[in-house]
Structure formats: structure tokens, C-alpha cells
Amino acid sequence: MVADRPYGLFLCVGPAGSGKITTFHSVLGYINKADRKIWTAEDPVEITQYRLRQVQINPNIKTQDGHKYNFATAMPSFLRADPDVIMVGEMRDAETAKMGIEAALTGHLVLSTLHTNNAPDTITRLMEIGLDPFNFADVLLGIMAQRLVKKICPKYKESYRPGRRVFDQIKKDYGEKMLEKLNMLYDEKFFLYRGKGCSECNNSGLKGKTALYKFLEASDRIKNLIRKRTSADDIRKEFLAEEMTTLFPDVILKALQGHTTLEQVRKVCIY
């Protein structure tokens with residue numbers, strides 16, 4: 001697991017409200033051992049954990065030299081404390097990103113989030129704000145894209161066989177090759193699910209949320225593309241070649257297994 005690595009950069013990306021910080025706190029809970037010092041800078045601190053040194057970022061507060069107390073100004077004090085793991089709530093600017101890279105280069109495991117839609121966009125975003133491509137490639141461990149979808153209410157969940165047009169649209173949206181890899185055919189085993197609606201879900205048929213994940217490991221070929229400042233399109237092609245481009249395998253399986261509806265999948269994820 002990436003979180004077991006002694007140093008490097010691990011990113012979680014997705015739109016606002018997609019549960020990125022919750023995911024990272026789950027990761028921190030996994031590695032939160034007595035012999036591992038973990039510091040976090042968050043805005044705001046939403047989840048607390050025993051043994052974590054958690055700092056609330058507040059731009060309204062100014063440091064002794066007159067700078068706003070944000071992620072970038074918190075990082076130098078973190079490094080002086082010599083933690084093993086640093087979680088930065090969000091890489092909002094070039095200064096924060098560069099400090100995160102420096103921390104990873106000097107032997108720390110750094111976790112952070114970005115508001116980007118996928119891994120290729122994340123890489124190009126960080127390159128465009130001025131990160132050194134060689135340092136970035138050296139420390140990048142992986143990028144996890146994440147979404148939240150509403151779950152089908154379990155009380156009156158039902159299966160149904162959609163029409164051929166629905167299957168053809170899935171094939172068009174997500175690619176015939178991907179369907180073949182999943183052995184997904186329009187046959188008697190092809191079913192989708194929905195909720196009838198009840199008082200517990202306000203007759204919506206949906207209750208609660210579940211997360212969709214896609215972890216993209218920083219392979220040697222991907223790192224070489226970063227060093228060459230390759231465009232997002234070329235990086236996306238490499239992800240396709242390595243069969244790790246989109247959230248599709250997870251989201252379509254969640255729909256086929258009855259965790260969510262196809263409509264919910266289309267709201268949060270495109271091929």
C-alpha cells in the first residue's frame with residue numbers, strides 16, 4: 001500500500017464534497033502507530049484522531065513576519081518538527097505544492113488533495129503552476145480519483161432488465177473494449193437496479209452515499225512523461241495503455257451489483 005511507503009507524494013483528487021479528506025483520514029487511521037509522527041494542516045479540522053498533531057489553517061491570522069497563516073506558511077514549521085507523515089488539506093497554490101514536493105524529497109510521506117477531475121489533469125495542473133518536473137516525477141507515488149454517489153435505498157430495491165438502447169448507450173459512453181474486459185453482454189444476466197421509494201428515503205429510492213475510487217499508480221513510464229512535460233492528452237493515452245484511466249470499472253460494477261443506479265453514475269463520472 002502507498003501509505004506504507006516511507007516517503008513520497010500521494011494525491012487524492014475530485015470535486016468539492018467528494019470525501020477526499022475523509023478518505024485520507026481513513027488512510028491516516030491505518031498508519032497511525034505510536035512510532036509514527038503525523039502532522040496535518042486542515043481548513044477546517046473536520047475529523048480528529050488520537051496521536052495526530054492537527055493544525056487549523058486560518059488566513060485571518062498573520063504570522064510574525066506578516067504573512068497569512070495558510071498551508072504554505074504552516075509547512076516550514078511542520079518540517080522543523082520532523083514528522084514522518086504530513087497531510088496538507090489542499091494544494092491551493094504553487095507555494096504549497098512546492099513545499100509539499102520539498103517535504104517528500106526530504107524523506108516525508110506527504111498526502112494532499114486537489115480539485116481536479118482525473119489524474120492527467122492533476123499532473124498538468126501541477127506542471128502549469130511551475131513545479132519542477134524532475135522533482136515531481138521522483139516523489140509522485142500515485143493519484144486517487146474519487147467521487148460520491150447516492151446509494152439505492154435497500155428497503156424496496158428491485159432489479160429490472162433495461163432495454164437494448166440502454167446497453168448500447170453504456171457501450172457508447174464507456175467503450176466496447178472495456179465492456180469486453182468486464183465480460184459484460186446484453187444477455188439474460190444483464191440487470192440493473194433501482195429503488196421503489198419509501199418513507200425512509202422520502203420516496204426518492206436513494207438513501208446514503210458510497211464512494212467510487214480509481215487509484216492510478218505512478219509507473220516508470222508515467223514518470224518519464226512527466227519529466228518530458230508531456231501534454232494531458234498524451235498522459236491520458238498512456239493511462240489507457242496501462243488500463244488505469246477512468247473511474248469506469250468501479251462505477252459500472254457498483255451499478256451492476258445494485259449499490260447505485262446508472263443515472264447516479266452518469267451524474268458524477270464520464271468516460
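Our structure is the block above this text.
Let us look at the structure shown here. (Residues numbered from 1 in each chain as written. Predicted model: local features only at pLDDT ≥ 70, side-chain atom pairs only at ≥ 80, totals over all residues. Heavy atoms only, no water.)

Focus on the pairing of strand S7 (residues 109-114)
Thinking step 1. Most of S7 is tucked away, with six of its six residues classed as buried.
Thinking step 2. The two faces of S7 match: Leu 109, Leu 111 and Thr 113 on one face and Val 110, Ser 112 and Leu 114 on the other face are all buried.
Thinking step 3. In this structure, strand S1 (residues 8-13) lies alongside S7, joined through six bridges in parallel fashion. Each residue of the ladder has a partner; that of Cys 12, found in S7, is Thr 113.
Thinking step 4. Strand direction decides the pairing type here: strand S6 (residues 85-88) and S7, joined by four bridges, are parallel. Directly across from Val 85, in S7, lies its bridge partner Leu 109. (Buried < 20%, exposed > 50% of the residue type's maximum accessible area, 1.4 Å probe, protein only. Helix = DSSP H or I, 4+ residues; strand = E, 2+ residues; numbered from the N terminus. Pairing = 2+ DSSP bridges.)

Describing the layout of surface pockets
Thinking step 1. For the second largest pocket, the calculated volume is near 230 Å³.
Thinking step 2. Taken together, 16 residues line the second largest pocket, and the ones lying closest to its centre are Ile 21, Asp 43, Glu 46, Gly 89 and Thr 113.
Thinking step 3. With three residues, helix H1 (residues 20-31) is the largest single contributor of residues to the lining of the second largest pocket.
Thinking step 4. Here the residues of the lining of the second largest pocket are counted per class, giving three nonpolar, seven polar and six charged. (1 Å grid on protein atoms, 1.4 Å probe; cavity = no way out; pocket = protein on both sides within 12 Å on 5 of 7 lines; lining within 4 Å. Points joined across faces, edges and corners; volume = space filled by probe spheres on them. Nonpolar A, V, L, I, M, F, W, Y, C, P; charged D, E, K, R; others polar.)

Quick word on the environment of Ala 3
Thinking step 1. Structurally, the position occupied by Ala 3 is in the segment before S1.
Thinking step 2. For Ala 3 and Leu 28, which are 25 residues apart along the polypeptide, the C-alpha to C-alpha distance reads 8.1 Å.
Thinking step 3. The residues contacting Ala 3, other than those within four sequence positions of it, are Val 27, Tyr 30, Ile 31, Arg 36 and Leu 109. (Contact = heavy atoms within 4.5 Å.)

Let's talk about the pattern of salt bridges
Thinking step 1. Overall, the coordinates contain eight salt bridges when judged by the stated rule.
Thinking step 2. The residue Lys 155 makes a salt bridge to Glu 200 at a minimum N-O spacing of 3.4 Å. With Lys 155 in the loop between strand S8 (140-152) and strand S9 (157-160) and Glu 200 in the loop between strand S10 (192-195) and strand S11 (206-217), the pair connects residues that are 45 residues apart, well separated along the chain.
Thinking step 3. Here Arg 194 ties to Glu 158 by a salt bridge, and the two come within 2.9 Å at their closest N and O atoms. Of this pair, Arg 194 sits in strand S10 while Glu 158 sits in strand S9, placing them 36 residues apart in sequence.
Thinking step 4. Residue Arg 194 is classed as partly exposed on the basis of its relative accessible area, which comes to 37%.
Thinking step 5. For Glu 158, a relative accessible area of 24% corresponds to the partly exposed category. (Salt bridge = Lys/Arg side-chain N within 4 Å of Asp/Glu carboxyl O.)

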